[in-house]
Amino acid sequence: MAERPEDLNLPNAVITRIIKEALPDGVNVSKEARRAISQAASVFVLYATSCANNFAMKAKRKTLNAGDVLAAMEEMEFERFLEPLREALEVYKKGQRGKKEVSEQKRKDKEKKVDSENDKSREEEDEEEERMEEDAEAENEADDEEVEN
């Protein structure tokens with residue numbers, strides 16, 4: 001675990017992208033301001049995580065969940081962000097369900113393909129076995145004809 005908030009700075013590219021998306025076109029942000037926003041964001045993340053962890057600990061869990069984060073946001077008096085966070089969480093969950101469904105469909109398709117290949121292989125083995133039996137019968141018939149002659 002980091003000793004100081006400065007040890008846990010968010011990537012500059014992420015901070016810059018967030019800042020650009022939040023401001024109108026043509027607004028410039030100094031390097032010093034970006035650094036201050038980055039540090040503030042790191043402190044916020046640490047504080048939100050600590051508050052959320054308190055809710056998980058009260059529930060005797062070691063894993064933070066979305067409910068803990070939402071409760072922490074409310075405790076930190078960021079109620080106005082709760083609804084957008086809930087909406088974003090719902091979008092995330094739908095995306096995860098979609099990914100899971102795609103993954104399951106791929107697995108099923110792969111199983112069908114393997115089953116189909118196994119069926120083909122069994123058919124080929126059966127055909128080969130029939131050919132070998134026919135060849136053996138033909139050979140036996142030929143041997144029987146020689147013995148009769």
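Residues numbered from 1 in each chain as written. Predicted model: local features only at pLDDT ≥ 70, side-chain atom pairs only at ≥ 80, totals over all residues. Heavy atoms only, no water.

- Taking an unreviewed UniProt entry as the reference, the protein is identified by name as DNA polymerase epsilon subunit 3 belonging to Cynoglossus semilaevis.

Digging into the packing of helix H2 (residues 31-58) against helix H3 (residues 66-75)
Step number 1: One way to put it is that H2 packs onto H3 with a least axis distance of 8 Å and a crossing angle of 115 degrees. Comparing their axes, H3 and H2 come out roughly perpendicular. Between H2 and H3 the crossing geometry is right-handed. In this structure, H2 contributes Phe-44, Ala-48, Cys-51, Ala-52, Phe-55 and Ala-56 to the contact, and H3 contributes Asp-68, Val-69, Ala-71, Ala-72, Met-73 and Glu-75.
Step number 2: Along the lines of polarity and charge, the residues of the contact of H2 with H3 split into 10 nonpolar, no polar and two charged. (Axes fitted to C-alpha atoms, helices over the stretch in contact; angles between N-to-C directions. Helix = DSSP H or I, 4+ residues; strand = E, 2+ residues; numbered from the N terminus. Parallel < 35°, antiparallel > 145°, perpendicular 65-115°, else oblique. Left-handed = near helix turned anticlockwise from the far one by under 90°. Contact = heavy atoms within 4.5 Å. Nonpolar A, V, L, I, M, F, W, Y, C, P; charged D, E, K, R; others polar.)

A short note on the packing of aromatic side chains
Step number 1: Scanning the model with the defined rule gives two aromatic pairs in all.
Step number 2: Ring plane angle 45 degrees and centroid distance 5.7 Å describe the contact between Phe-78 and Phe-81, whose orientation is recorded as tilted.
Step number 3: You can call Phe-78 partly exposed: its relative accessible area is 28%.
Step number 4: Taking relative accessible area as the criterion, Phe-81 reaches 33% and is therefore assigned partly exposed.
Step number 5: An aromatic cluster of at least three residues, connected via ring pairs, comprises Phe-44, Phe-78 and Phe-81.
Step number 6: Here the guanidinium or amino end of Lys-58 rests over the ring plane of Phe-55, the centre of that ring lying 5.2 Å away. (Phe/Tyr/Trp six-rings, centres within 6.5 Å; stacked < 30°, edge-to-face > 60°. Buried < 20%, exposed > 50% of the residue type's maximum accessible area, 1.4 Å probe, protein only. Lys NZ or Arg CZ within 6 Å of the ring centre and 35° of its normal.)

Notes on the pattern of salt bridges
Step number 1: Counted under the stated rule, the structure contains six salt bridges.
Step number 2: The partner of Arg-61 in a salt bridge is Asp-68, with the nearest N and O atoms 2.8 Å apart.
Step number 3: According to the relative accessible area criterion, Arg-61 is partly exposed, its value standing at 29%.
Step number 4: Look at Asp-68 and you get buried, because its relative accessible area is 4%.
Step number 5: Notably, a salt bridge pairs Arg-131 with Glu-128, separated by 2.7 Å at the nearest N-O pair. Residue Arg-131 and its partner Glu-128 are both found in helix H4 (residues 82-148); the two are separated by three residues, about one turn of the helix. (Salt bridge = Lys/Arg side-chain N within 4 Å of Asp/Glu carboxyl O.)

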